[in-house]
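# Tertiary structure, described
Single-letter residue listing:
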Amino acid sequence: MSSTTDGAGAPPRPAAELRDVRFAYQGGCDVLDLPALTIGRGERCFLHGPSGSGKTTLLGLLAGVLVPRTGTVQVLGTTLSALSSGARDRFRAEHLGYVFQMFNLIPYLSVRENITLPCRLSPARRARLRGVDANIEAAQLAARLEIAELLDQPVTALSVGQQQRVGVARALIGAPELVVCDEPTSALDSDRRDRFLELLFARCDEAGSALVFVSHDLSLATRFQRTVALPELNTAAGREMVG
Ligand SMILES: Nc1ncnc2c1ncn2[C@@H]1O[C@H](COP(=O)(O)OP(=O)(O)OP(=O)(O)O)[C@@H](O)[C@H]1O
Ligand SMILES: [Mg+2]
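Below is a summary of the structure that appears in this document. (Residues numbered from 1 in each chain as written. Chains lettered and ligands numbered in written order. Predicted model: local features only at pLDDT ≥ 70, side-chain atom pairs only at ≥ 80, totals over all residues.)

The number of helices and strands found in the chain is seven helices and 10 strands. A compact globule built from 243 residues would reach a C-alpha radius of gyration of about 18 Å, and the chain, at 17 Å, matches this within 12%. Each of the three principal axes of the chain carries a C-alpha extent, and together these read 45 × 40 × 35 Å. The buried share among the 243 residues of the chain stands at 40%. Sequence separation of at least 24 residues holds for 72% of the intrachain contacts in the chain that already meet a minimum separation of 6. (Helix = DSSP H or I, 4+ residues; strand = E, 2+ residues; numbered from the N terminus. Rg over C-alpha atoms; globule rule 2.2 N^0.38 Å. Buried ≥ 20, exposed ≤ 12 C-beta atoms within 10 Å, placed from the backbone. Contact = placed C-beta atoms within 7 Å.)

Time to look at the site of ligand 1. In the vicinity of ligand 1, the contacting residues are Tyr-25, Gly-28, Val-31, Gly-49, Ser-51, Gly-52, Ser-53, Gly-54, Lys-55, Thr-56, Thr-57 and Gln-101. Within the shell around ligand 1, the residues separate by chemical class into two nonpolar, nine polar and one charged. (Near = placed C-beta within 6 Å. Nonpolar A, V, L, I, M, F, W, Y, C, P; charged D, E, K, R; others polar.)

Quick look at the pairing of strand 3 (residues 44-48) now. Counting buried positions along strand 3 yields four of five residues, so the element is predominantly enclosed. Examined bridge by bridge, strand 3 and strand 8 (residues 210-214) share four bridges and lie parallel to one another. Along strand 8, the bridge assignment pairs Cys-45 with Val-212. (Pairing = 2+ DSSP bridges.)

This part takes up the packing of helix 3 (residues 111-121) against helix 6 (residues 160-172). Running from amino to carboxyl end, helix 3 crosses helix 6 at an angle of 30°, the nearest separation of the two axes being 7 Å. Overall, the two elements helix 3 and helix 6 adopt an arrangement that is roughly parallel. In this structure, helix 3 crosses over helix 6, and the sense of that crossing is right-handed. Here Val-111, Asn-114, Ile-115, Leu-117 and Pro-118 of helix 3 lie close against helix 6, whose contacting residues are Val-166, Ala-169 and Arg-170. (Axes fitted to C-alpha atoms, helices over the stretch in contact; angles between N-to-C directions. Parallel < 35°, antiparallel > 145°, perpendicular 65-115°, else oblique. Left-handed = near helix turned anticlockwise from the far one by under 90°.)

Within the secondary structure layout, Phe-201 lies in helix 7 (residues 190-207). A residue is classified by how many C-beta atoms lie within 10 Å of it, and Phe-201, with 15 of them, is partly exposed. Sequence separation between Phe-201 and Asp-133 is 68 residues, and the spatial gap between their C-alpha atoms is 23 Å.

This brings us to unusual backbone geometry. Of note in the backbone geometry, Arg-130 takes a positive phi value of approximately 50° without being a glycine. Turning to its location among the elements, Arg-130 is positioned in the loop between helix 4 (123-127) and helix 5 (134-144). A tally of 8 C-beta atoms within 10 Å means that Arg-130 is categorised as exposed. Although it is not a glycine, Ala-175 sits at a positive phi angle of roughly 45°.

So, on to the sheet that holds strand 2 (residues 30-39). The strand order 2-1-4-5 describes an open sheet built from four strands, whose pairing is antiparallel. On the outer flanks of this sheet lie strand 2 and strand 5 (78-79), each paired with one strand and no other. Inspection of the sheet shows strand 1 (residues 16-24) paired to strand 2 by eight bridges, in the antiparallel sense. Of the residues in strand 2, the one forming a bridge with Phe-23 is Leu-32.

Turning to helix 7, a few remarks are in order. When the terminal C-alpha atoms of helix 7 are compared, their 26 Å separation across 18 residues agrees well with the 26 Å that a helix rising 1.5 Å per residue should span. Turning to helix 7, its buried residues number three or more, namely Phe-196, Leu-200, Arg-203 and Cys-204. Along the axis of helix 7, the buried positions cluster into a sector of 95°, meaning they face one direction only. Of the residues in helix 7, the exposed ones pointing more than 90 degrees away from the buried face are Ser-190, Asp-191, Glu-198, Ala-202, Asp-205 and Glu-206. Buried positions along helix 7 lie against strand 3, helix 6, strand 7 (178-182) and strand 8. Of the residues one or two after helix 7, Gly-208 is the one with positive phi, at around 70°. (Expected span 1.5 Å × (residues − 1). Arc of directions from axis to C-beta.)

This is the structure we're talking about:
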């Protein structure tokens, strides 16, 4: 069941819409001040900025892991701060794939169990597999990401680059409408990085998923429809360059 606010016949709401968003961690000053940012359905957006400029914080707001001090964050037309914490967790499981900068894999689960986790948490995510067993979908993603032989391993036995690919497979399974990736290629060699990007783009295109991709590697920006730069300290508005 969808919890978005699109009405029958209405044009779909953007994947994400942020207005007058300011965010501060507890007891601190603002680390993000973003007057406006809209990410269209299916849009591929490259997000960069200096270390500490608030990129991970912005992804946390899009995922509803963080709640803004002022302003609104809407995802698929739903204002995340209007949801309870539990409802935000369910919304995230249903609609969002998140490749975390620190991976956030569940250490006591196998690779396969980590990848299929969103489908166990969200019936809607499972339904979008269209009858394909989640384990089979996980195996296909793992094969494309060259970690098929690791499916039964505990994730604690994996290298950093392998863990990163498990995080990617977990984000993509069940075709979420919005995929956010926090430096997902930082531990990959250039061949694997290119194959990874091909898979990511192909999956997002097939599913119509919007993509927000954080990287310090500016050479990747040309592969995206749009580039958003967060300025240092981010006390001013986010500068936007449409590419
Ligand atoms: N949990 C936290 N508690 C307090 N302050 C935090 C926390 N996480 C981040 N910050 C602060 O918020 C600011 C933005 O951090 P953020 O992690 O969003 O930056 P970033 O652009 O992702 O950096 P990087 O490129 O190094 O990953 C930084 O000044 C950081 O010190
Ligand atoms: Mg970061």
